[in-house]
Amino acid sequence: MILANVLIFGTVMMLLVATMIAVSTSGAVKSATDRNFQNAIAAAYAGLADYQSKLSNDNGYALYGNAAAQFSKDSGSTFSGQNGNDAFSKWAGVVGSTDQWYRYEVDNSNYSSKGVLKVRVTGKSGGSVRSLVANLKGDGFINYLYFTNYESSNPAISGSSCTTMYQWQSGTKCQSVQFAGTDVLNGPIRTNDVFTAACSTVFNGTVEQHDTSVRPSSGTCSGVFNGGAATAVPYLGLPALNSNMSQETRTDTPTTVPRPGCLYTGPTRVSFLGNGKMTVWSPWSKATQIQVVASTGEVKAGADLAKSAALCGTISDLQSAAGATITTLPANLMYVQDVPTASNNANSWAANTFPSKYTNTYCTTTVTVRSNGTTTTTTNQPFSNGQGFPAAGEWINGGTSGSYAQTGSASDTYSCSAGDVFVSGAFAGAMTIASSGTIWVTDDITYVSATNDILGLVGQNAVEVYNPARCTSYPTVYQWGVGNVTDTTRCNQSGVRLLNRTGGESLTISAAIASNAGTFWNQNYDIGSKLGVLKVIGSIAQNWRGPVATTGSTGFSKNYVYDQRLLTTAPPKFLQPVSTSYGVTTQVEVQAAFKADGSCATTSTGACR
């Protein structure tokens, strides 16, 4: 009996020990599996950080990727190679780890149209594999309702001989332009300088600048900060030129420009029609898409003229009095250039030759078209840029001198050969207008759909509200042998008026606005009666601060409202900073894209995910 009890007890003990060993081993396996599961997603995050870092160090990195990757090949993405990056096609080790790897696939199909990159990153640890998909967008100008490089005016506009420098720098600097007490800023704002504001200026978004102190325009208070106190941020650089945007109209670089836009030449007028169409007048244009001969630099018309005409309008229509009515460019860019002077450029004009599709005045030459189609030219005519500017009865304000206002130069204001754009209307679509000159907003620009429509305006010299003046009272001077004659070189101060706006009149602009070397401002902001509200729905980026009014007596009050969609998208092919960091706008974990051995994970139908 004792022997039997010992055997039974021993058996029970052995079973208990075996059970404990089995449980312990199972726990160890489960612990290792859990660790690998967590490490796999950590590796995916490391891969995402690696790709973000490469983008921030090279703005052109969005063009690199693996066209054969499953996530890329079905998206319409195009790449110029992998730039020697193993992570595009196989596992790359996480720095500092011996058991974690990552790889990523890129979808850049929406980069040029919306400024957004989509990336699928897969991390691996042991036998565990996990994937996530993230949308990346650069920290660009459109992340802010209002961005400036300098908080002073452009000396060329103010007429000052001051030295352009930041307000926080020591020295004799240009006077800052302040936010008025009636100004309301409904969105985040940023400057490389420091802001100046009145006590009742309302900041409903974040305020980012060189330091943490907004300067008061008077007294000790400097605004109502509903979005929090000002914070100091690093420098964000505006590119000096936007000429690289014109490369988006080339048809001979399909890797970098898979969907060319439209190139127009000389003063160009655009009227949005509210139905997804626009009418474009561009009489100096000869080729709306181009190719460049590398060996000679010759600029030729794109090879497919029919395709160019269908997208951009026929040359005959663009040069006609009726203009070309076309669909607003679908997720694309319009670039307006100066009339080129090089003879080997398809858009150049020989000396003393002018567009002749209809009777019109170009510069100081009137081209008359007879009924039989022949033309004659008459020189020394009143200046016109060929698009109706200056308007009938318009007086060019040349600034004040003594008790008189001086008459300015019409040709300096409205060049007949510069890449200026005159735009207005109800816009439907997604596109960007960029110019080598000035973009003039001649009337309201509004969206037909505030949800679906998005527009970018990028003027090299300025984006300017068209606000012409008139003179109702010229002084007289005595001329020997003639008597008293009207002196049109000056205007009596009492005779200076606005030409087409009355007191209290407001204006709305729905667009993302940028000016590389200039400013966003209101023409003749300092004359006439007090106007209504200038409402901008979108964003504004500029090199110098642009005036739109004088304190309390002339010009517009501001109501700038940030278009929140710009946090996650951008107008097609919009202006990019000199350098930027890329942030994640959306992120979600998805089913694993690969197996641990590097082969693709498959769906229930056997297709690669």
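Everything that follows concerns the structure shown earlier in this document.
Below: a short report on this structure. (Residues numbered from 1 in each chain as written. Predicted model: local features only at pLDDT ≥ 70, side-chain atom pairs only at ≥ 80, totals over all residues. Heavy atoms only, no water.)

1. What to know about the nonpolar core
- Of all hydrophobic cores here, the largest spans 81 residues; its most connected members are Met334, Ile509, Phe520, Leu534 and Tyr560.
- Looking at which element gives the most residues to this core, the answer is strand β36 (residues 507–515), with six residues.
- Counting 24 residues, the second largest nonpolar core, distinct from the first, contains Phe88, Val119, Val121 and Tyr582. (Core = buried A, V, L, I, M, F, W, Y, C linked by side-chain atoms within 4.5 Å. Buried < 20%, exposed > 50% of the residue type's maximum accessible area, 1.4 Å probe, protein only. Helix = DSSP H or I, 4+ residues; strand = E, 2+ residues; numbered from the N terminus.)

2. Details of the environment of Val548
- The residue Val548 is located in the loop between β38 (530–542) and β39 (549–550) in this model.
- Measuring from C-alpha to C-alpha, the distance between Val548 and Val292 comes to 41 Å, with 256 residues separating the pair along the chain.
- Not counting chain neighbours up to four residues away, the residues in contact with Val548 comprise Trp521, Asn522, Tyr525, Leu534, Gly555, Phe556, Lys558 and Tyr560. (Contact = heavy atoms within 4.5 Å.)

3. What about the pattern of salt bridges?
- All told, the structure shown has eleven salt bridges when counted by the stated rule.
- Between Arg545 and Glu151 there is a salt bridge whose closest N-O contact spans 2.4 Å. In this pair, Arg545 is assigned in the loop between β38 and β39 and Glu151 in the loop between β5 (146–148) and α4 (155–158), connecting sequence segments 394 residues apart. (Salt bridge = Lys/Arg side-chain N within 4 Å of Asp/Glu carboxyl O.)

4. Comments concerning the pairing of strand β27 (residues 430–435)
- For β27, the tally of buried residues reaches five of six residues, placing the bulk of the element in the interior.
- Where strand β20 (residues 332–337) and β27 come together, five bridges link them in parallel fashion. In the sheet register, Met334 faces β27, and the bridge partner there is Ile433.
- Pairing of β27 with strand β29 (residues 454–459), which is carried by six bridges, proceeds in the parallel orientation. If you follow Thr432 over to β29, its bridge partner there is Gly456. (Pairing = 2+ DSSP bridges.)

5. Concerning the sheet that holds strand β25 (residues 404–407)
- Strand order in the open sheet formed by three strands is β24-β25-β34, and the pairing between neighbours is antiparallel. The sheet terminates laterally at β24 (397–401) and β34 (490–492), the two strands that pair on one side only. Between one strand and the next, the sheet's axes are offset by a mean angle of 35°, whatever the strand orientation.
- Inspection of the sheet shows β25 paired to β34 by three bridges, in the antiparallel sense. In the sheet register, Ala405 faces β34, and the bridge partner there is Cys491. (Axes fitted to C-alpha atoms, helices over the stretch in contact; angles between N-to-C directions.)

6. Considering the sheet that holds strand β41 (residues 582–590)
- One open sheet accounts for five strands, arranged β1-β2-β3-β4-β41; its pairing is antiparallel. The strands lining the two open edges of the sheet, one partner per strand, are β1 (92–93) and β41.
- The sheet contact formed by β1 and strand β2 (residues 101–107) spans two bridges and is antiparallel. Pairing of Ala92 across the sheet is with Tyr102, part of β2.

7. A few points about the packing of aromatic side chains
- Per the counting criterion, the structure on display carries 29 aromatic pairs.
- Taking the centre distance of 5.2 Å and the plane angle of 80° together, the rings of Trp284 and Trp349 count as edge-to-face. With Trp284 in the loop between β16 (277–281) and β17 (290–292) and Trp349 in the loop between β20 and β21 (360–362), the pair connects residues that are 65 residues apart, well separated along the chain.
- When the ring of Tyr414 is compared with that of Trp440, the centres are 5.1 Å apart and the planes differ by 40°; the resulting orientation is tilted. One end of the pair, Tyr414, is in the loop between α7 (410–413) and β26 (421–427); the other, Trp440, is in strand β28 (residues 438–447), with 26 residues separating them in the sequence.
- A residue is classified by how much of its surface remains accessible, and Trp440, at 2% relative accessible area, is buried.
- Joined through ring pairs, the aromatic side chains of Tyr51, Tyr61, Tyr64, Phe88, Tyr102 and Tyr104 make up one cluster.
- Taking NZ or CZ as reference, Arg103 lies 3.9 Å from the ring centre of Phe594, over its face. (Phe/Tyr/Trp six-rings, centres within 6.5 Å; stacked < 30°, edge-to-face > 60°. Lys NZ or Arg CZ within 6 Å of the ring centre and 35° of its normal.)

8. Points about the state of the cysteines
- Within this structure, the stated rule accounts for six disulfides.
- Across the disulfide, Cys471 is cross-linked to Cys491 (sulfur-sulfur distance 2.1 Å). The disulfide joining Cys471 to Cys491 has a torsion of about 100° about its S-S bond and is therefore right-handed. Taken together, the residues Cys471 in strand β31 (residues 469–471) and Cys491 in strand β34 connect sequence positions 20 residues apart. A single burial state applies to Cys471 and to Cys491, both of which are buried.
- There is a disulfide in this structure between Cys600 and Cys608, and the S-S distance comes to 1.9 Å. Looking along the S-S bond of the Cys600-Cys608 disulfide, the torsion reads about -50°, which is the left-handed sense.
- The exposure class assigned to Cys608 is partly exposed, which follows from its relative accessible area of 32%. (Disulfide = S-S within 2.5 Å.)

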